[in-house]
Amino acid sequence: MILQALLVSKDDQTAETLIQVLAQFGVAVDRSNAADVALTRLAEERFDQVIVDFDDPEAASLLLDACRRIAGPDRKPPVTVALLRDGSQIRSILGAGAHFILTKPIAHEQAQNTLRAATAMLKRERRQSFRVAAQAAVSIRIDDSKTVEGILLDLSAGGMDVLAAKPLPSAALLRVSFELPGGAGIEGDAEVAWSIPNGQTGLRFCDMNEKMREELGDWLTARVHEALPEEPDAASPCKLTDLSLGGCYVQTESPFPQSSAVDLCLRTAGMEIHTEGLVRVMHPGRGMGIEFPARTEEQRKSVGEFIEFLTGQPGTTPQLETSPRSLVANAVDLNQTGSAATDADDPLLELLRIGNTLDEEAFLAELHRQRSPVSVNQ
C-alpha cells in the first residue's frame, strides 16, 4: 500500500517543497486549498498523514480536531504536521494535537528532518495495524432476509474495508463471510464503523471464532511486509547530552512527538543497553526529553551501570539510536509516577515531567543549569 498524506495549504512554495520531500519517503500527497473540502475528504477517505497550514488558524484547528475524532478501534489517527509562521505558537499547537511542527518559510533540509521522523512514526503505526490490501468476494448478511455482496479491499486484525453493492447503514450489526486469498475461510460478526455513498464501508470485527482469528493473524503476519513500503532512511544522528536513572535528553533534528513511545539503544566501548522510553517533551528540530518507565529492577540496574561506566570514563561519548514504537504510549507509561523517593533525587526526571509547561528556552536553560561536567545526572 502507498502511504497517503493530505496537505491543506494555499502556499504553493511550501507545498512544492513538502511534496518533493514526501516523495523521497514513499508518501503520495493529495493537496487541498479549501479547509471545508479537506474536512469532507477526512471523513470519507483514509489518510496516514495530515499536514495543515496555520495561516488560517481557525480552519487548521478544526482539521486537527477532526483528525482526533476519526480515530477508532479499527482506525488509527493520522500523523499530523502543523505549518506555522510564528514560532511562539509551537507549544500551544502541540497541545492542540499536532504531532510535528514545521516553521515557515520551510527549507528543504528542515522538511527532510521533520518528515523523516514523521514518516518513520506513521510506518510503524501502519505496521502495528497490519492492514493488508486484498481482494476477495464477501457475503454480508444484514438480517435473516437480506444479504449484500461485496468486494474486500483491505484487511486488518480489527476489521476490513469493503466495497458493497449498496451503502450499509451506520452502526449496523452484520454477519460477514469470505475466503482469505490463498488461505482459510473466515466468518464472524462485524459492525459498520463508517460508510460513504459509493458503497465503500469500514467494518469492525465484533466476534470471531478463536481459531479463525489465529488463522487471520497468521495470514496477515505473512503478508504485512509485502503490503508496506520500505522503511525510510535512517533518522538524523542523535546526541545524548543528559542522562539519569529516570530519563535522558537527546539532541536531534528529527525528534518524535510528545507522549510517543520509543526504543533506545545506548552503546559505548564494551557496553550496550536497550530500554524503552516515553517522550515527555519535544522541541521541533532541536531535541526531545525521554523518560524511562522503570518496569523492572533489571532495567533500572542496567541504566545505573551505564551511568556508572560513563562517570568513570570522562570524555567518553556514548552512541545512541532511537526508533519509534507507537504514536501514543500506553496508559501505564503515560501515568507513570515511579517512586516518590527516587524521583525526588532525580532533577532531570522532574524537569522532563514538567517540560511541556515551559517554553523551549526556559527548559534548556534549566537543563544546562543541572548539567554536570560529564553531562550525566546521578
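Data block above holds the structure.
Caption draft 1: Region of interest: the packing of helix α10 (residues 347–354) against helix α11 (residues 360–370). At a minimum axis separation of 11 Å, α10 and α11 run at an interaxial angle of 175 degrees. It follows that α10 is roughly antiparallel to α11 by the angle criterion. Residues P347, L348, L351 and L352 of α10 lie in contact with α11, whose contacting residues are F363, E366, L367 and Q370. Classifying every residue of the contact of α10 with α11 gives six nonpolar, one polar and one charged.

Caption draft 2: Highlighting α11. Among all positions of α11, only E360, F363, L364, L367 and Q370 are buried. Taken end-on, α11 shows its buried residues confined to a sector of 120 degrees, consistent with a single buried face. In α11, those exposed residues whose orientation departs by more than 90 degrees from the buried face are E361, H368 and R369. Here the buried face of α11 lies against β13 (239–243), β14 (247–251), β16 (271–283) and α10. At the N-terminal boundary of α11, the capping side chain belongs to D359, with an oxygen 3.2 Å from the backbone nitrogen of E361.

Caption draft 3: Region of interest: the sheet that holds strand β1 (residues 3–8). Taken in spatial order, the five strands line up as β2-β1-β3-β4-β5 in an open sheet, and their pairing is parallel. Edge positions in the sheet fall to β2 (27–32) and β5 (100–103), since each of these pairs with one other strand and no more. Direction aside, neighbouring strands of the sheet carry axes that sit 20 degrees apart on average. Relative to strand β4 (residues 79–84), strand β3 (residues 49–53) runs parallel, the two being bridged by five bridges. In the sheet register, Q49 faces β4, and the bridge partner there is V79. Contacting β1, β2, β3, β4 and β5, helix α1 (residues 12–24) crosses the sheet at an angle of about 160 degrees to β2.

Caption draft 4: Examining the sheet that holds strand β18 (residues 319–326) more closely. The antiparallel open sheet is built from six strands, whose spatial order is β13-β14-β17-β16-β15-β18. Looking at strand neighbours, the two that pair on one side only are β13 and β18, the edges of this open sheet. Averaged over all pairs of adjacent strands, the angle between their axes in this sheet comes to 35 degrees, without regard to strand direction. Across five bridges, the pairing between β14 and strand β17 (residues 287–291) is antiparallel. What sits directly across from Q251, in β17, is G287. On the sheet, helix α7 (residues 297–311) packs against β13, β15 (261–268) and β16 and is oriented at approximately 95 degrees with respect to β16. Where α11 meets the sheet, it contacts β13, β14 and β16, and its direction lies at approximately 140 degrees from that of β16.

Here is what the cut-offs are and how they apply
Residues numbered from 1 in each chain as written. Predicted model: local features only at pLDDT ≥ 70, side-chain atom pairs only at ≥ 80, totals over all residues. Heavy atoms only, no water. Axes fitted to C-alpha atoms, helices over the stretch in contact; angles between N-to-C directions. Helix = DSSP H or I, 4+ residues; strand = E, 2+ residues; numbered from the N terminus. Parallel < 35°, antiparallel > 145°, perpendicular 65-115°, else oblique. Contact = heavy atoms within 4.5 Å. Nonpolar A, V, L, I, M, F, W, Y, C, P; charged D, E, K, R; others polar. Buried < 20%, exposed > 50% of the residue type's maximum accessible area, 1.4 Å probe, protein only. Arc of directions from axis to C-beta. Polar contact = N/O pair within 3.5 Å; in protein donor to acceptor, adjacent residues only side chain to side chain. Pairing = 2+ DSSP bridges.

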